[in-house]
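# Architecture and fold: a report
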Amino acid sequence: MTDQTSPAELVRRSLKRRYRKERRFRAYGILAIVIALSALLVLFADIISKGYTGFIKTTITLDVTLDPEVMYLEDPTDPDELSMADFTAPIVRALQEELPDAQDKTAERELARMVGTYAPNRIRDLLKDSPELLGTTQTMTFLAHDRVSVYVKHADNDMYSIRLSEQQIEWVDQLREQGIIDTAFNDVLFSTGDSREPTNAGILGAIVGSLLTLVVTLVIAFPVGVAAAVYLEEFAPRNRLTDFIEVNINNLAAVPSIIFGLLGLAVFIGLFGMPRSVPLVGGLVLALMTLPTIIISSRAAIKSVPPSIREAAEGIGASKMQVVLHHVVPLAMPGMMTGSIIGMAQALGETAPLLLIGMVAFIVDVPEGFLDSATALPVQIYLWASSAEQGFIELASAGIMVLLTFLFTMNALAIWLRKRLERRW
Amino acid sequence: MQTGNLLPLVLALAVLAYGLAYMRSRAVAAPLGGIRHLKSLPFYYAARASLWCGLPALIVLALWVAFEGKVIQGLVVSSLPSDLMPESEGQASLILSQISNVAAGKLDPQFVPPEIAQAGSLLENLRNQSQTFKAVLVLLVAVLGAAFAWSRVAPNINARESVETTLRRIFFVCAAVAVLTTVGIVFSVIFETIRFFGMVSFWDFVFGTSWSPQTALRADQVGADGSFGMIPLFTGTLLISAIALLVAVPVGLLSAIYLSEYASKRIRATVKPALELLAGVPTVVYGFFAALTVAPFIRDLAEAIGLEASSQSALAAGLVMGIMIIPFVSSLSDDVINAVPQNLRDGSLAMGATQSETMKNVIFPAALPGIMGGILLAASRAIGETMIVVMAAGLAANLTANPLESVTTVTVQIVTLLVGDQEFDSAKTLAAFALGMMLFVVTLLLNVLALKIVRKYREQYD
């Protein structure tokens, strides 16, 4: 037998190739992780780069002379006169003072379209509340018009198209140099509901809607989920019915969320005649959807309580129910709460079922109860993302940032709870 | 009285019943020489009283609230003269909304036929009566229940037993909610689906190649009947899911292999939660990313190399959906790979195989059934995913396999057909339920199959 054919030699010769394969395989693994993580990074970077401008508003600060003749308003206490008066004119006048070359009719029209649509209402409300200000000069800060805002924030971003005239652009530049047009933190975003105009739109209505919905979900899903888990772990006899329930729970956990929307539409709205678009129905649907998650994690938590605790309690004469309620459930509570918070986070991010039960309506008012028409934060994001008006894209991304902040806080809370309270046996 | 006020009132009564029964049980025990002469602790007598007070009352309240609307509606409709009797559901809802507007004072009774105005005031009356009856009945039940429990506070009656039995039954009902939900899902889709197949033939639905469900307003309009062939939706769903799996399976599987076999503890501890972050991102965010970033990017890229791409390409939706499913595939594969017994691994390494050879020739074949189960679960998730495709895939039902064209999916059509529609009587809205039925059945089959495979595989090594 010569050296060339000995198995050891064969192995030795193939080693190089095999090690190369080994390295290649390892590289594939690293590549896969890099792909996944960079997808995550790109996603977040994209959202932040699109959305940070959503937290900025464009303002115009002017010294407005509340001249009765310009406004055709003699008596601000008279509601009729107040409804007829022209509150745009004083703003245009104030702008003209800063821009001496803008005096003709066309210029006036263009100037009027540089402040937000609610600016005249601000003057009206001011005069309604304090009529004695008529004739004085007030320094007022208005929101800029959507188009001005887009120009100020996105002049060099080609995703946005500037819809201002040459003349208006010149004025805006001039006013910015003078410090009249400025940017500030967008408090509107956190203080109002939806609007047709991006500058006046906020997520407060959606956040409140989401909170109301989550309250319903929590109030239903947590007790029912915990009770179901307790039954299945502690009381259920091993029989067909129990097996059937278990199979059902496992399958429900994997049913597409949109199917729960169909259920809500057919049963809660169709059969029980509950109203559409309300947090109560949304919460019910999401409760049914998160129930399997809560049951499964609660069962795991109950399972992790050692049998010695149960035996000790039973040994001193506690009934089965006393063992469960006095010892097992309190000890399993941290795990149950962790699972429930994760379930709530899922429910908070869920959109599809809410679309079907009508929580997609355009709703300006901030909802005040469980039976008010409302929308939810993810649905609001969906609505804005599919809106034609370009200013809504940054609002949608800003909304996403707020939503993700909520979700991460909830998940961090769950992790903290688990670390802090969960006992290792 | 409003339900909103009735609910706290009943709860307050239950608390009151608790307190009263507690005091009574102590009072009963005092002459006997203390509570140790009672069969149960005072707590149990009290708890039984509040259960007796609250539970039946709440059940009555729930039933009343659930059915009062329908019953009142039926009474109002049957009060209408025969010439106003609605013939179709659309007409019925029109008349009902008129009536309820009259009742709510939003519509001046002068502007509607006198019968409608009458029905409006009848509705108003019935509603008020219902409110009163409800309040009286619920409170009566609560008080009677409490009184009964109160009368049964006696030293020789075992209250603990009955409280525990009731609690156990409540727990059972909670566990049965899962079954009720499944039943509810099946029933909510099955009835509408049967009605749908009364209008459109089953075979046209399953094998039709054209999907244009927008029914016209009048019967004589062009395309008045619409066409309901689900083949294009089916292929669209498959195309997008296939792209998603092509992304998610290799990336998820390879990263799971790396993390479980190669990575150091520290890397594992940082990368794993980072991957799970991907699973925590809501689908609407992925949809936003797909529609506003990935889709335009793919369109520009395709144009740059001379291909024509739709701005709502299947590729964009599929890619992003793939990213979404990565953590799903990787965590399931991770579980399965870790479940392969260590001695298989050690045996292979001891024979001189490299780690990758061990992986490919020993662990992977052993873990394959489990991995297949995981992939099936991922596929069912991809098929049922809604927001990404609603935002990034199109509405046009193209029958194509070109990933650069726009396709539509089952879930997109369900959302499009149902959002904003109030009626359940046109073929258009019923079609959504038929699609929902298909979706439910397909995902259910995939899940059952996957769970079966995974379970069988686990038993093999346990």
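Residues numbered from 1 in each chain as written. Chains lettered and ligands numbered in written order. Predicted model: local features only at pLDDT ≥ 70, side-chain atom pairs only at ≥ 80, totals over all residues.

## Structural notes on the overall build of chain A
In plain terms, the rule: Helix and strand definitions follow DSSP, with helices as H or I runs of at least four residues and strands as E runs of at least two, each counted in order from the N terminus. All radius of gyration figures rest on C-alpha atoms, and the globule criterion is 2.2 Å times the number of residues raised to 0.38. Burial is judged by counting the other C-beta atoms within 10 Å of a residue's own C-beta: 20 or more makes it buried, 12 or fewer makes it exposed, and any count in between marks it as partly exposed, with every C-beta position built from the backbone. Placing C-beta atoms from the backbone, we regard two residues as in contact once those atoms come within 7 Å.
Summing up its helical and strand segments, chain A has 17 helices and three strands in all. Against the globule reference of 22 Å for 425 residues, chain A gives a C-alpha radius of gyration of 31 Å, more extended than a compact globule. C-alpha extents for chain A along the principal axes are approximately 100 × 80 × 40 Å. Relative to its 425 residues, chain A shows a buried fraction of 44%. Within chain A, counting contacts between residues at least 6 apart in sequence, those at least 24 apart form 75% of the total.

## Some points on the domain arrangement of chain A
All names here are of chain A. Selection rule: Note: domain ranges come from an automatic or database domain assignment. Note on residue classes: Ala, Val, Leu, Ile, Met, Phe, Trp, Tyr, Cys and Pro are nonpolar, Asp, Glu, Lys and Arg are charged, and everything else, Gly too, is polar.
Looking at chain A, the domain boundaries give domain 1 (3–52), domain 2 (56–196) and domain 3 (204–421). Summarising the inter-unit geometry, the C-alpha centres of domain 2 and domain 3 are found 45 Å apart. With 11 residues of domain 2 at the interface, the matching set in domain 3 holds 11 residues. Here the residues of the side of domain 2 that touches domain 3 sort into four nonpolar, five polar and two charged.

## Some details on the domain arrangement of chain B
Domain assignment breaks chain B into domain 1 (3–157) and domain 2 (227–461). Placing a centre on the C-alpha atoms of domain 1 of chain B and another on those of domain 2 of chain B gives a separation of 48 Å.

## Some thoughts on the pairing of strand E1 (residues 56–65) of chain A
All names here are of chain A. Going by this rule: Two strands are said to pair when DSSP picks up at least two bridges between them.
As judged from the five bridges shared by E1 and strand E3 (residues 181–185), these two strands associate in the antiparallel manner. Along E3, the bridge assignment pairs Ile-60 with Ile-181. Two elements, E1 and strand E2 (residues 137–143), share seven bridges in a ladder whose sense is antiparallel. Paired with Thr-61 across the strands is Thr-141, a residue of E2.

## Digging into the sheet that holds E2(A)
Residue and element names in this part refer to chain A. Let me state the cut-off plainly: Only C-alpha atoms enter the line fits that serve as axes; for helices the fit covers just the stretch in contact. Angles between N-to-C directions range over 0 to 180 degrees.
Within the open sheet, the three strands sit side by side as E2-E1-E3. Their pairing is antiparallel. The sheet is open, and its two borders are formed by E2 and E3, each paired with just one other strand. Strand-to-strand twist across the sheet, computed as the mean angle between neighbouring axes with direction ignored, equals 35°. Contacting E1 and E3, helix H7 (residues 146–154) crosses the sheet at an angle of about 125° to E1.

## Here we look at unusual backbone geometry
Residue and element names in this part refer to chain A. Of note, Tyr-72 is a non-glycine position whose phi angle comes to about 55°, a positive value. For Tyr-72, a count of 12 C-beta atoms within 10 Å translates into the label exposed. One non-glycine residue, Ser-277, adopts positive backbone phi at about 60°. On the secondary structure map, Ser-277 appears in the loop between helix H11 (257–271) and helix H12 (279–303).

## Topic: the interface of chain B and chain A
Contacts between the two partners involve 71 residues from chain B and, on the opposite side, 68 residues from chain A. If you tally residues by element for the side of chain B that touches chain A, the top one is helix H5 (residues 159–199) of chain B, at 20 residues. Split by residue class, the side of chain B that touches chain A holds 47 nonpolar, 19 polar and five charged.

## Let's talk about the packing of helix H16 (residues 377–385) of chain A against helix H9 (residues 283–304) of chain B
Heads up, the rule is: Each angle is binned into one of four classes, with values under 35 degrees roughly parallel, values over 145 roughly antiparallel, values of 65 to 115 roughly perpendicular, and all other values oblique.
Remark: H16(A) packs on H9(B), axes separated minimally by 10 Å, with the N-to-C direction vectors making an angle of 10°. Classified by the angle between their axes, H16(A) and H9(B) sit roughly parallel to one another. Residues A:Pro378, A:Ile381, A:Tyr382 and A:Ala385 of H16(A) form the contact with H9(B), whose own contacting residues are B:Val284, B:Phe288, B:Ala291 and B:Leu292. Looking at the contact of H16(A) with H9(B) residue by residue, the class counts come to eight nonpolar, no polar and no charged.

## Quick look at the confidence of the model for chain A
The criterion, for reference: Scored from 0 to 100, pLDDT records how confident the predictor is in each individual residue.
With 98% of its residues at a pLDDT of 70 or more, chain A shows a mean pLDDT of 88. Averaged pLDDT values for the elements of chain A fall to 82 in helix H3 (residues 79–84) of chain A and rise to 95 in helix H9 (residues 204–235) of chain A.

## A word on the environment of A:Gln178
All names here are of chain A. Here Gln-178 lies in the loop between helix H8 (166–177) and E3. The exposed category is assigned to Gln-178, around which 12 C-beta atoms lie within 10 Å. Considering only alpha carbons, one finds Gln-178 and Ser-387, 209 residues apart in sequence, at a separation of 34 Å.

## Regarding the packing of H16(A) against helix H17 (residues 391–421) of chain A
All names here are of chain A. Short version of the rule: Crossings are classed by handedness, with left-handed meaning an anticlockwise turn of the near helix from the far one by less than a right angle and right-handed meaning a clockwise turn.
It is at 8 Å that the axes of H16 and H17 come closest, and there the two elements cross at 160°. Put simply, H16 runs roughly antiparallel to H17. Both H16 and H17 take part in a crossing whose hand is left-handed. Residues Leu-377, Pro-378, Gln-380, Ile-381, Trp-384 and Ala-385 of H16 lie in contact with H17, whose contacting residues are Phe-392, Leu-395, Ala-396, Gly-399, Ile-400 and Leu-403. Residues belonging to the contact of H16 with H17 are distributed by class as follows: 10 nonpolar, two polar and no charged.

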